[in-house]
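# Close look at the chain arrangement
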Amino acid sequence: MAESRTFTGLLAATGALAALTALPYLLYLLLYALLRPDGPPAEKRPAEPTVSVVIPTYNEASIIETKLADVLALDYPMERVEVVLADASDDGTAAVARAFLDDRDGPTPDLTVLRDDERRGVARAVNEAVANATCEVIFRTDADSKLDPDVLREAAATLADPSIGVVTGRQAEVLGDSAVETDYRDLLTLVQAVESRIDSTFIVHGPCVAFRRDDYVPVPNDAVADDTALALAIRRTGKRVVMDPAMRFVESGVSNFTARRTRKDRRAKGLLQMLVRNRDMLGRYGRYGRVVLPMNWWFMVVSPWLIATGVALATLAALLLAGPLGLALPAAVAAYVWLGQRDALGPLGAPYAVLDSQVSLWLASVDLLRGEAGDGTWTIDRESREAFE
């Protein structure tokens, strides 16, 4: 009898945890249906400010020409553009960039190279690049990404709305065969669209983000998620941070599972770091502090631990009910994860994309609790970069 009550209690607790975990996701889906966030989240109007394209570089010699060709293909007058390389390379990236632009016919952007003999992290590189940029708008991008031709015009039109401080783009495609990454990015786009309508989005994308130079607030040099650190800093000034779906970019998802896991875990650590460091914003800054940030705390801090606890309780309940056969439950979860890591789940891949992000966030929270915050530098994923060579 006591064993039956224990089983019932464990089952009820597992169900309650599952409901609590799903609640914020269901709420965002409801808000998406109510708000129908199609189109720009700002009062856009045509504008043509001068633009500094900032590219942090570390050993990009094999892909920097592709990136500069990407910049030259933008639908924007190149005489109003400068390129700023924040370069810590030892493979001649800057020399390749200069030679490429020197050999081009027609208008080319001015090139400024900021050399650093020591690799000290992306946040520090961007801080120095913005401090040395000369144009009205900063467009920050990465060498291993591709931009739609109209991104600068769309960014300038959005920033023409004085209430907007930062605008980021939508990842329109994930290069490679990673269905998990594609499903995750689709879900993230939905979340960003809703948050941009509520007030401001929490996550911005380093490969495609723009802001006015005069609005810039230097971010901590040890910030792992320097792009989101920027968004939080500018939101503190009272201006909004939005995702404009008209600004489209492509990033590579080509990578083996181990490298992809490392990249996602590190990104998750950076986002958690920003939430914790900016916890004083909760309840402040309008609906951003009252709705957006609490929801992100739930997604990124609370939910991973609810899922881990729920799996543990469900396993205990299964063991009480079926003895050793109850181990079939964690085995089934492990098999689901194993198949998901290999993009072998088909239509069941979308739920796994959520679970995969929660695993990264749980691992990241454990690292942060151990004091392993990272130093702002990233491990280079060579296989991913091959897509842009």
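A brief look at the structure comes next.

A few words now on the pairing of strand S7 (residues 209-212). In S7, alternate side chains face the same way, and those of Val-209 and Phe-211 on one face and Ala-210 and Arg-212 on the other are all buried. When strand S4 (residues 137-140) meets S7, the two strands line up antiparallel, connected through four bridges. Following the sheet pairing, Ile-138 is matched in S7 by Phe-211.

Here we take up the packing of helix H10 (residues 328-341) against helix H11 (residues 349-369). A pair of packed helices is characterised by two quantities: the angle between their axes and the separation of those axes. Look at H10 against H11: their axes get within 10 Å of each other, and the N-to-C directions meet at 100 degrees. By the criterion of interaxial angle, the relationship of H10 to H11 is roughly perpendicular. Listed contacts from H11 to Tyr-336, Val-337, Gly-340 and Gln-341 of H10 are Pro-351, Tyr-352 and Leu-355.

Grouped together as the largest cluster of nonpolar side chains are 56 residues, with contacts concentrated most on Phe-202, Phe-211 and Met-300. Those residues in contact with Phe-202 that sit more than four places away from it in its chain are Glu-195, Thr-228, Ala-231, Leu-232, Leu-271, Met-274, Leu-275, Tyr-288, Val-292, Leu-293, Asn-296 and Met-300. Judged by nonpolar contacts, the second largest core, of 38 residues, contains Leu-68, Val-71, Val-83 and Met-247.

Our focus in this paragraph is the environment of Asp-226. Along the chain, Asp-226 falls in helix H7 (residues 226-235). Residue class for Asp-226 comes out buried when judged on its relative accessible area of 7%. In sequence terms Asp-226 and Asp-215 are eleven residues apart; their C-alpha atoms lie 16 Å from each other. Beyond its immediate stretch of four places on either side in the chain, Asp-226 contacts Val-122, Ala-123, Val-126, Arg-140 and Val-219.

Turning our eyes to something else, we now look at the side chain of Ser-52. Within the fold, Ser-52 resides in strand S1 (residues 51-57). According to the relative accessible area criterion, Ser-52 is buried, its value standing at 0%. Polar side-chain contacts of Ser-52 include one of 3.2 Å to the backbone nitrogen of Cys-135. Each residue touching Ser-52, except ones within four places of it in the same chain, is listed here: Glu-82, Ala-133, Thr-134, Cys-135, Val-137, Ile-138 and Phe-139.

So, on to the pattern of salt bridges. In a structure, side chains of opposite charge can pair up when their charged atoms sit close to one another. Throughout the structure, instances matching the rule amount to 24 salt bridges. In this structure, Asp-142 and Arg-140 form a salt bridge, with 2.5 Å as the shortest nitrogen-oxygen distance. By the burial criterion, Asp-142 is buried, and Arg-140 matches it. Across the pair Asp-222 and Arg-277 runs a salt bridge whose closest N-O atoms are separated by 2.7 Å. Note that Asp-222 is positioned in the loop between S7 and H7 and Arg-277 in helix H8 (residues 257-277), a separation of 55 residues in sequence. In this structure Arg-277 comes out as partly exposed when scored by relative accessible area, which is 37%. Taken together, the salt bridges that share partners define one network made up of Lys-44, Glu-154 and Asp-244.

Extensive coverage of strand S2 (residues 81-87) is indicated by the burial of seven of its seven residues. Alternating residues of S2 divide into Val-81, Val-83, Leu-85 and Asp-87 and Glu-82, Val-84 and Ala-86, and every residue in both groups is buried. The pairing of S1 with S2 spans seven bridges and is classified as parallel. Within the sheet, the bridge partner assigned to Val-51 lies in S2 and is Val-81. Traced from S1 through helix H2 (residues 64-72) to S2, the parallel crossover comes out right-handed. Across six bridges, S2 lies against strand S3 (residues 110-115) in parallel orientation. Residue pairing for S3: Ala-86 is matched across the bridge by Leu-114. Taken together, S2, helix H3 (residues 93-102) and S3 form a β-α-β motif whose crossover is right-handed.

Calculation notes
Residues numbered from 1 in each chain as written. Predicted model: local features only at pLDDT ≥ 70, side-chain atom pairs only at ≥ 80, totals over all residues. Heavy atoms only, no water. Buried < 20%, exposed > 50% of the residue type's maximum accessible area, 1.4 Å probe, protein only. Helix = DSSP H or I, 4+ residues; strand = E, 2+ residues; numbered from the N terminus. Pairing = 2+ DSSP bridges. Axes fitted to C-alpha atoms, helices over the stretch in contact; angles between N-to-C directions. Parallel < 35°, antiparallel > 145°, perpendicular 65-115°, else oblique. Contact = heavy atoms within 4.5 Å. Core = buried A, V, L, I, M, F, W, Y, C linked by side-chain atoms within 4.5 Å. Polar contact = N/O pair within 3.5 Å; in protein donor to acceptor, adjacent residues only side chain to side chain. Salt bridge = Lys/Arg side-chain N within 4 Å of Asp/Glu carboxyl O. Right-handed = clockwise from strand over helix to strand, strands pointing away.

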